[in-house]
2 protein chains.
Amino acid sequence: MSDTIRLAHGFGGRLTQDLLDEVIIPALSGKHEHAVTLDAAVLFDVQPPVVMSTDSFTITPRFFPGGDIGKLALAGTINDVSMMGARPRYFSLGLIIEEGLPLDELRRIMQSIGDLARRTGVQIVTGDTKVVERGVVDGLFINTTGLGTRLFHVGPERIREGDAILISGTIADHGAAILNVREKLGFTQSLESDCAPLWEVVAAAHEAAGEHLHALRDPTRGGLAATLNEFARDTGLQFVLREDALPIRPAVRAFLDVLGLDPLPIANEGKCLLFVAPDRAESTVAAIRRCPEGVNAAIVGRVEKAPRRGRVVLETAIGTRRVIEMPIETGLPRIC
Amino acid sequence: MSDTIRLAHGFGGRLTQDLLDEVIIPALSGKHEHAVTLDAAVLFDVQPPVVMSTDSFTITPRFFPGGDIGKLALAGTINDVSMMGARPRYFSLGLIIEEGLPLDELRRIMQSIGDLARRTGVQIVTGDTKVVERGVVDGLFINTTGLGTRLFHVGPERIREGDAILISGTIADHGAAILNVREKLGFTQSLESDCAPLWEVVAAAHEAAGEHLHALRDPTRGGLAATLNEFARDTGLQFVLREDALPIRPAVRAFLDVLGLDPLPIANEGKCLLFVAPDRAESTVAAIRRCPEGVNAAIVGRVEKAPRRGRVVLETAIGTRRVIEMPIETGLPRIC
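All of these numbers come straight from a predicted model, not from anything done at the bench.

J.: How do you make sense of the overall build of chain A when you look at a structure like this?
T.: On a plain count of helices and strands, chain A comes out with eight helices and 14 strands. What you see for chain A is a C-alpha radius of gyration of 21 Å, in line with the 20 Å of a compact globule of 336 residues. With respect to the principal axes defined by its C-alpha atoms, chain A has extents near 65 × 50 × 35 Å. In chain A, which comprises 336 residues, the proportion classed as buried is 62%. Pairs at least 24 residues apart make up 84% of the contacts formed inside chain A by residues separated by at least 6 positions. Where the 36 positive side-chain charges of chain A centre and where its 43 negative ones centre are 3 Å apart.

J.: I keep staring at the sheet that holds strand β10 (residues 237–242) of chain B and nothing clicks. Help me out?
T.: The pairing of strands in a sheet happens through backbone hydrogen bonds and is either parallel or antiparallel. Residue and element names in this part refer to chain B. On the basis of which strands lie adjacent, the open sheet formed by seven strands has the order β9-β11-β8-β12-β10-β13-β14 and mixed pairing. The open sheet has two edge strands with one neighbour each: β9 (213–217) and β14 (321–324). For this sheet the average axis-to-axis angle between neighbouring strands, irrespective of direction, equals 25°. Alignment of β10 against strand β12 (residues 298–305), held across five bridges, turns out to be antiparallel. Within β12, the residue paired with glutamine 238 across the bridge is glutamate 304.

J.: Can you help me understand the sheet that holds strand β13 (residues 311–315) of chain A in this one?
T.: Residues and elements named next belong to chain A. Strand order across the open sheet formed by seven strands is β9-β11-β8-β12-β10-β13-β14, with mixed pairing between neighbours. For this open sheet the edge positions go to β9 (213–217) and β14 (321–324), each flanked by a neighbour on one side alone. Each adjacent strand pair in this sheet contributes to an overall mean axis angle of 25°, direction not counted. Across four bridges, β13 lies against β14 in antiparallel orientation. Counterpart to leucine 314 in the pairing with β14 is arginine 322. Contacts from helix α5 (residues 199–209) reach β9 and β11 (273–276) within the one sheet, and its direction differs from that of β9 by about 165°.

J.: Can you walk me through the relation of the copies chain A and chain B in this structure?
T.: Relating one copy of the chain to the other takes a rotation about an axis and a shift parallel to that axis. Here chain A sits on chain B after a turn of 180° about the axis and a move of 0.0 Å along it, with an RMSD of 0.0 Å. As the rotation angle and translation indicate, the two copies are arranged about a two-fold axis. Nearest to the rotation axis, the C-alpha of valine 137 of chain A is located 2.2 Å from it, this being the minimum over chain A. By residue overlap, the copies meet face to face through one surface: 100% of the interface positions of chain A are interface positions in chain B.

J.: Looking at this model, I keep getting lost on helix α8 (residues 281–289) of chain B. Mind explaining?
T.: Residue pairs three or four apart in sequence face the same way in an α-helix, which turns once every 3.6 residues. All names here are of chain B. All of the buried residues along α8 are Ala281, Thr284, Val285, Ala287 and Ile288. Taken around the axis of α8, the buried residues stretch over an arc of 160°, which confines them to a single face. Contact partners of the buried residues in α8: β8 (164–167), α5 (199–209), β11 (273–276) and β12.

J.: Honestly, the packing of aromatic side chains in this entry has me stumped. Any pointers?
T.: Two descriptors summarise a pair of aromatic rings, namely the distance from one centre to the other and the angle between the planes of the rings. Residues and elements named next belong to chain A. For the structure shown, the criterion picks out four aromatic pairs over all chains. Between the aromatic rings of phenylalanine 239 and phenylalanine 275, the centroid separation amounts to 5.6 Å while the plane-to-plane angle is 85°, which identifies the pairing as edge-to-face. Within this pair, whereas phenylalanine 239 is found in strand β10 (residues 237–242), its partner phenylalanine 275 is found in strand β11, the two being separated by 36 residues in sequence. In terms of burial, phenylalanine 239 and phenylalanine 275 fall into one category: buried. Grouped by ring-pair contacts, the aromatic residues Phe231, Phe239 and Phe275 constitute a single cluster. Taking the ring centre of phenylalanine 63 as reference, the NZ or CZ of arginine 108 above it sits at 4.0 Å.

J.: Could you clarify how one ought to interpret the packing of helix α4 (residues 173–182) of chain A against helix α7 (residues 250–259) of chain A in this entry?
T.: When two helices pack together, their arrangement is given by the angle between their axes and by how far apart the axes lie. All names here are of chain A. In the contact formed by α4 and α7, the axes pass within 10 Å of each other and the chain directions differ by 60°. Classified by the angle their axes make, α4 and α7 are oblique. Judged by the sense of rotation from one axis to the other, the crossing of α4 with α7 is left-handed. Counting all contacts with α4, which are made through Asp173, Ala176, Leu179 and Asn180, the residues of α7 involved are Val252, Phe255, Leu256 and Leu259. Residue composition of the contact of α4 with α7, by class: six nonpolar, one polar and one charged.

J.: Could you clarify how one ought to interpret the environment of glycine 139 of chain A in this entry?
T.: Residue and element names in this part refer to chain A. When you line up the elements, glycine 139 lands in the loop between β6 (123–132) and β7 (140–150). Sequence separation between glycine 139 and leucine 101 is 38 residues; the distance between their C-alpha atoms is 6.1 Å. Aside from chain neighbours lying at most four places away, what touches glycine 139 is Arg62, Ile96, Ile97, Glu98 and Leu101.

J.: Quick question: what am I supposed to make of the side chain of aspartate 68 of chain B here?
T.: Residue and element names in this part refer to chain B. In this structure, aspartate 68 sits in strand β4 (residues 67–68). There is no salt bridge for the buried aspartate 68, and the closest opposite charge comes from arginine 108, which lies 6.5 Å off by N-O distance. Here the side chain of aspartate 68 touches glycine 70 through a polar contact of 2.8 Å, landing on its backbone nitrogen. In terms of polar contacts, aspartate 68 uses its side chain to reach the backbone amide nitrogen of lysine 71, at 2.9 Å. Sequence-distant contacts of aspartate 68, defined by excluding residues within four places in its chain, comprise Arg62, Phe63, Arg108 and Ser112.

J.: Would you mind going over the interface of chain A and chain B with me for this structure?
T.: One widely used convention gives an interface's size as the accessible area the parts lose upon coming together. Listed by partner, the interface residues are 60 residues for chain A and 60 residues for chain B. In total, chain A and chain B occlude about 4,700 Å² of area from one another, counting both sides; carbon and sulfur atoms represent 63% of this. Counting across the interface, chain A meets chain B through two salt bridges. A salt bridge links lysine 130 of chain A to aspartate 55 of chain B; its shortest N-O distance comes to 2.7 Å. Across the contact surface, chain A and chain B share 13 residue pairs in polar contact (both at pLDDT 80 or more). The biggest single contributor to the side of chain A that touches chain B is strand β2 (residues 50–57) of chain A, with seven residues. Its residues assigned to classes, the side of chain A that touches chain B comprises 29 nonpolar, 18 polar and 13 charged. In this sheet, strand β1 (residues 41–43) of chain B lies alongside β2 of chain A in antiparallel orientation, the contact comprising three bridges. When the sheet's bridge partners are listed, valine 50 of chain A is paired in β1 of chain B with leucine 43 of chain B.

J.: What is the right way to look at helix α2 (residues 69–82) of chain A in this model?
T.: All names here are of chain A. With 14 residues, α2 extends 20 Å from end C-alpha to end C-alpha; this agrees with the ideal 20 Å at 1.5 Å per step. Along α2, 12 of the 14 residues are buried, which leaves the element largely enclosed by surrounding structure. Along α2, the residues classified as buried are Ile69, Gly70, Leu72, Ala73, Leu74, Ala75, Gly76, Thr77, Ile78, Asn79, Val81 and Ser82. With a side-chain oxygen lying 2.8 Å from the backbone nitrogen of glycine 70, the N-terminal cap of α2 falls on aspartate 68.

J.: Sorry if this is basic, but what is going on with the state of the cysteines here?
T.: One way to say it: the disulfide is the covalent bond shared by the sulfur atoms of two cysteines. All names here are of chain A. Counting across every chain of the model gives zero disulfides over all chains. Looking at the unpaired cysteine 336, the closest cysteine sulfur is the one in cysteine 195, lying at 11 Å. Classification of cysteine 336 by relative accessible area gives buried; the value is 9%.

J.: What should I look at first to understand the packing of α5 of chain B against α8 of chain B in this one?
T.: All names here are of chain B. At a minimum axis distance of 8 Å, the contact between α5 and α8 shows a crossing angle of 145°. For the crossing formed where α5 meets α8, the hand is right-handed. Contacts between α5 and α8 involve Val201, Ala204, Ala205, Ala208 and Ala209 from the first element and Ser283, Thr284, Ala287 and Ile288 from the second. For the contact of α5 with α8, a count of residues per class yields seven nonpolar, two polar and no charged.

Definitions and limits used
Residues numbered from 1 in each chain as written. Chains lettered and ligands numbered in written order. Predicted model: local features only at pLDDT ≥ 70, side-chain atom pairs only at ≥ 80, totals over all residues. Heavy atoms only, no water. Helix = DSSP H or I, 4+ residues; strand = E, 2+ residues; numbered from the N terminus. Rg over C-alpha atoms; globule rule 2.2 N^0.38 Å. Buried < 20%, exposed > 50% of the residue type's maximum accessible area, 1.4 Å probe, protein only. Contact = heavy atoms within 4.5 Å. Lys, Arg positive; Asp, Glu negative; His and termini not counted. Charge placed at Lys NZ, Arg CZ, Asp CG, Glu CD. Pairing = 2+ DSSP bridges. Axes fitted to C-alpha atoms, helices over the stretch in contact; angles between N-to-C directions. Least-squares fit on C-alpha atoms with pLDDT ≥ 70 in both. Arc of directions from axis to C-beta. Phe/Tyr/Trp six-rings, centres within 6.5 Å; stacked < 30°, edge-to-face > 60°. Lys NZ or Arg CZ within 6 Å of the ring centre and 35° of its normal. Parallel < 35°, antiparallel > 145°, perpendicular 65-115°, else oblique. Left-handed = near helix turned anticlockwise from the far one by under 90°. Nonpolar A, V, L, I, M, F, W, Y, C, P; charged D, E, K, R; others polar. Salt bridge = Lys/Arg side-chain N within 4 Å of Asp/Glu carboxyl O. Polar contact = N/O pair within 3.5 Å; in protein donor to acceptor, adjacent residues only side chain to side chain. Buried area = accessible area lost by both parts, 1.4 Å probe. Expected span 1.5 Å × (residues − 1). Disulfide = S-S within 2.5 Å.

This is a description of form; function is not addressed.
Pasting the structure below:
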């Protein structure tokens, strides 16, 4: 087998079969009831309500501190499914590969998808591999579509005045890490993406709070600022964050301070916001903290009646308040 | 709204919302029980066994005689689901758009997806839109992932010696049309892609043949030659095609003759091969011919015991036989 991807790897013949048999399928396989055929899959135990979510990943660079495009592509859709109160189960994987991609890169990326799938109990049941000519795509794009079984109902319409706002860990890690490697800012302290699957955190929170867990959302592109502003618009409520309660790594804070950037609109890839009835907030945080992905969970704010219309407010350590706007429409392209 | 796609259309802010509200969602909406939210979807009436299939589409040019990348992307996955004996139901749509794509092009492509969805009763229930910088992708790539409810069981393991081989219409239309426009061969006769959804054909065949409908496959990339060779390998049987029974448009035959190309390895995008017990072949063809997508259906061959191992044989009009090999690993990149 050659050491880079050739167009013929996408033509459906022997080279395609070799690529599937030698690189893709072995990396993705686990102890599954469904064999990885990467053709159309038949799923016998999907019960409604079924949650379906899709996402394409175009991140550059493909390897970054804390992850790679493969881990991100699987974790990202695992999280989208999880935020609907659904246990992630069956996933499809669509690869669009540029001719000339080193086979070893593809191998590492497939391995990282397979490792995460095995660790989280999700199964890649079907897929598609396209190879396009040099210059037609930058390296590798990945689409993942995930199915899950919805176990409980959450949504912004269930958020109530007085709810506690929780975050499952430190903020702004992903955006800071990508910015640092992409722009070669050479910030030497360790900045790592938080790229991680969140179903375990969600399940722990639900076990602790039950129906008092009202809403969930992972603040990816646009960070907490975008997610909370969306919820403010949809609910007409006021979301108050306490600045000194927001968990943030010192290295991330220092990095963003140097660049003059606010952490609130910076992307996260392994964190979720949770809206919980106030009397369940402490026990829910405690439950989340017992998960490896939730050790830095914290109560970071509360939901209030809005003066006129929904908005997001940051309360500083000295008690002043400022409104956090929806992030303006500039941003980092290809952050996920 | 500007007249081309800008990076900010992918940043998740107001421009993204405008793009969804003004271009994407209206084009895709129909009289659905599920609103098109293009976020994660909750599906209440999906019953197992569920068929799941995914495909990415990178075709160039994006508009071609007989269709466009949108119609192709939806029909292609409708067909993958249909070939499993499943009625196509719920689809996700992942767009990766190059900065600078004319908005009007995107509008036409979304309209063509929406038109086909409404015509086939398929629903786009969730989606994702990424915008990447100029030069990072060529124009527009589309991923579709489809779910269907499996209504009956078909598969190569059910093919029997003596089965009739049926094709739902003329062969090689898609590959010939794309080759003609792509290579600017300037062949003036009308060459049109056959890009079309096949569930109706499949349902009609099943109604006529019942459990005597043994297997189905749409011969896309690699054409009849690739599909039949895969089945020959998987079943160990011999598949004999009668050359004079193969439906082919005169313009396609003339075009391929000029280029010295054999129609058997040329891609189709709206045709399926069907394997049916011999005593049901005539009634099944008659049923397929009553569908708009199946008017040229024909019995084109039969399944025989293989001399040593599975293979594909073409029987010419004068009675000679030649073996049809798996297409060699050169082909047209970005044909779908």
